[in-house]
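# Close look at the chain arrangement
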Amino acid sequence: MELENVVVVGGGVLGTQIGLMCAYTGHKVTFWLRSEGSIERTKPKIKRYSDLMLQDLENAKALISNPVGKMMYPRGMIKSWDGITPEKIDELVKTGKENLEKNIAIELDMAKALSGADIVIESMSEDPDAKIAVYGQMKDLLDEKTILVTNSSTMLPSRFAEYTGRPEKYLALHFANTIWKNNTAEVMGHPGTDPAVYDKVVAFASDINMVPLQLHKEQPGYILNSMLVPFLGAAQALWANEVSDPETIDLTWKLATGAPAGPFQILDIVGLETAYNIHSMKPEAGVEGTLENKICSLLKEKIDKGETGVNAGKGFYDYK
């Protein structure tokens, strides 16, 4: 385990999950957060996702005798399904619970948080100005050895490399939601990324029980979101153009494809603020009457009411 000390910048949905998976696999994790308010919002997420992870691990016992169990188990929690037994799962639960309790710290002081970090994972919202600002704060505080990665879901690392103070040690590492089950880690460098650093990040992804998915060149949206974002955009267009309502659109997709969730259920998991940020970056979003403007307005209405998705208890669906 070469990259042992991990700092996660941001305590949102994915940031929390990333930190927890690192802690579960034995890494020392520090969440750097901006304020006491951020701490109060992040602590419930840490509790919620820790409980979900351990419960899914416990529930995997019931899959052992299931012929399709090898396709359904939480892949991030169990490194290999081959030869798995209830006793081995009990041991993973015990060790996992201990690691999640002892390996996590929260820090408001950026200098303290970054001191000694082997890898810093920036997991902020899709706001380029905010990312540039936090890189400016960090660059003189990072140790020489520290690798900096971004979990940005749509923006290219080459857009930010010059602001990091360490372009050769900067690249993208993108995770899917519910990463303890959907254990993908897309690794994408920029033209200035040191190949040796890229290889270290690939190894780190494997160390935290992810499957490293290597991109050979920069691509907005990586592999996953190059497919997912247009899909979600198409669903939101049907909604914004009043073709149908979110529940019917979801039902259509699930009935026709056998998928467990429809696009608006996925949006609730991703978070409506993330969806809003993605749409608002498009030039036509500011032009009255355009489709992007309609989508942004509808999302903003829900965000202003606090209906931002699963973590808020309500998004397109009510989770309370």
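Computed from a predicted model, the values in this text were never measured in an experiment. Here the residue numbers are simple positions, counted from 1 along each chain's written sequence. Reporting of local features is limited, given that this is a predicted model, to residues whose pLDDT is at least 70; pairs of side-chain atoms are given and counted only at 80 or more, and all residues count toward the totals for whole chains, interfaces and linings. Excluding hydrogens and water, the side-chain values take into account all heavy atoms of the structure.

### Regarding the overall build of the protein
Where we set the bar: In this description a helix means any DSSP run of H or I spanning at least four residues, a strand means any run of E spanning at least two, and both kinds are numbered starting from the N terminus. Using C-alpha atoms as the atom set, the radius of gyration is obtained and then compared with a globule rule of 2.2 Å times the number of residues to the power 0.38. With a 1.4 Å probe rolled over the protein chains alone, any residue whose accessible area is under 20% of its type maximum counts as buried; one over 50% counts as exposed, and the rest are partly exposed. Calculation of accessible area relied on Shrake-Rupley with a 1.4 Å probe; when residues are assessed, cover is drawn exclusively from the protein chains displayed.
When helices and strands are tallied, the protein shows 12 helices and 8 strands. Here the C-alpha radius of gyration of the protein, 20 Å, is about what a compact globule of 320 residues would show, namely 20 Å. On the principal axes, the C-alpha backbone points of the protein span a range of 50 × 50 × 40 Å. Within the protein, the fraction of its 320 residues that count as buried is 49%. Total accessible area on the protein stands at roughly 14800 Å², and carbon and sulfur atoms take up 54% of it.

### Here we look at a nonpolar patch on the surface
As a reminder of what qualifies: Only residues whose relative accessible area exceeds 30% and that form no salt bridge enter a patch; like-charged residues are grouped when within 9 Å of one another, and nonpolar side chains (Val, Leu, Ile, Met, Phe, Trp, Tyr) when within 5 Å. For salt bridges, the criterion is a side-chain nitrogen of Lys or Arg within 4 Å of an Asp or Glu carboxyl oxygen.
The grouping of V211, L213, I223 and M227 at the surface amounts to a nonpolar patch, some 340 Å² of accessible area in total. Within the secondary structure, L213 sits in strand β8 (residues 211-214). Classification of L213 as partly exposed rests on a relative accessible area of 31%.

### Here we look at the side chain of R166
What counts is decided by this rule: For the charge count, each Lys or Arg is scored as positive and each Asp or Glu as negative, with His and the chain ends excluded. Any pair of nitrogen or oxygen atoms within 3.5 Å is treated as a polar contact; in protein, a donor-acceptor pairing is required on top of that, and neighbouring residues in sequence qualify only through side-chain atoms on both sides. Contact between two residues is taken to exist if any of their heavy atoms lie within 4.5 Å; hydrogens are not considered.
With respect to the helices and strands, R166 occurs in the loop between β5 (147-150) and β6 (170-175). No salt bridge is formed by the buried R166; its nearest oppositely charged neighbour, E144, is found at 5.2 Å. Among the polar contacts listed, one links the side chain of R166 to the backbone oxygen of E144, at a separation of 3.4 Å. Contact partners of R166, with chain neighbours within four places excluded, come to K139, L142, D143, E144, T146 and L148.

### Regarding the sheet that holds β8
Let me state the cut-off plainly: Two strands form a pair only when DSSP identifies at least two bridges running between them. For helices, the axis comes from a line fit to the C-alpha atoms of the stretch in contact; other axes are also lines fit to C-alpha atoms, and the angle between any two N-to-C directions lies between 0 and 180 degrees.
Taken in spatial order, the 8 strands line up as β3-β2-β1-β4-β5-β6-β7-β8 in an open sheet, and their pairing is mixed. Only two strands of the sheet have a single partner each, and these edge strands are β3 (104-107) and β8. The sheet shows a mean angle of 25° between the axes of neighbouring strands, direction not considered. Taken together, the 5 bridges between strand β1 (residues 5-9) and strand β2 (residues 28-32) define a ladder with parallel strand orientation. Each residue of the ladder has a partner; that of V7, found in β2, is T30.

### Considering the side chain of D250
Tracing the backbone through its elements, the reader meets D250 in helix α9 (residues 246-257). With no salt bridge to any partner, buried D250 finds its closest opposite charge in K254, at an N-O distance of 5.8 Å. Engagement of the side chain of D250 in a polar contact is seen with the backbone nitrogen of Q265, the distance being 3.2 Å. Residues in contact with D250, not counting those within four places in the same chain, are G262, P263, F264, Q265 and Y317.

### Section: the environment of T164
Looking at the element boundaries, T164 is found in the loop between β5 and β6. Looking at T164, the relative accessible area reads 1%, which means it is buried. Residues T164 and M138, 26 residues apart in the sequence, show an inter-C-alpha distance of 7.7 Å. Discounting residues that sit within four places of it in the chain, T164 has contacts with Y135, K139, L148 and Y170.

### Some words on unusual backbone geometry
For N209, which is not glycine, the phi torsion reads 65° and is therefore positive. As for its position among the elements, N209 is in the loop between α7 (195-207) and β8. The backbone of Y222 shows a phi angle near 55°, a positive value even though the residue is not glycine. Within the secondary structure, Y222 is located in the loop between β8 and α8 (224-240).

### Notes on the packing of α8 against helix α12 (residues 291-304)
Spelled out, the test is: Here the word oblique covers every angle except those under 35 degrees (roughly parallel), over 145 (roughly antiparallel) and from 65 to 115 (roughly perpendicular). Each residue gets one label: Ala, Val, Leu, Ile, Met, Phe, Trp, Tyr, Cys and Pro are nonpolar, Asp, Glu, Lys and Arg are charged, and the others, such as Gly, are polar.
It is at 9 Å that the axes of α8 and α12 come closest, and there the two elements cross at 85°. Judged on the interaxial angle alone, α12 and α8 are roughly perpendicular. Across the interface between the two elements, Q236, A237, W239 and A240 from α8 touch L291, K294, I295, L298, L299 and K302 from α12. Of the residues that constitute the contact of α8 with α12, the class distribution is 7 nonpolar, 1 polar and 2 charged.

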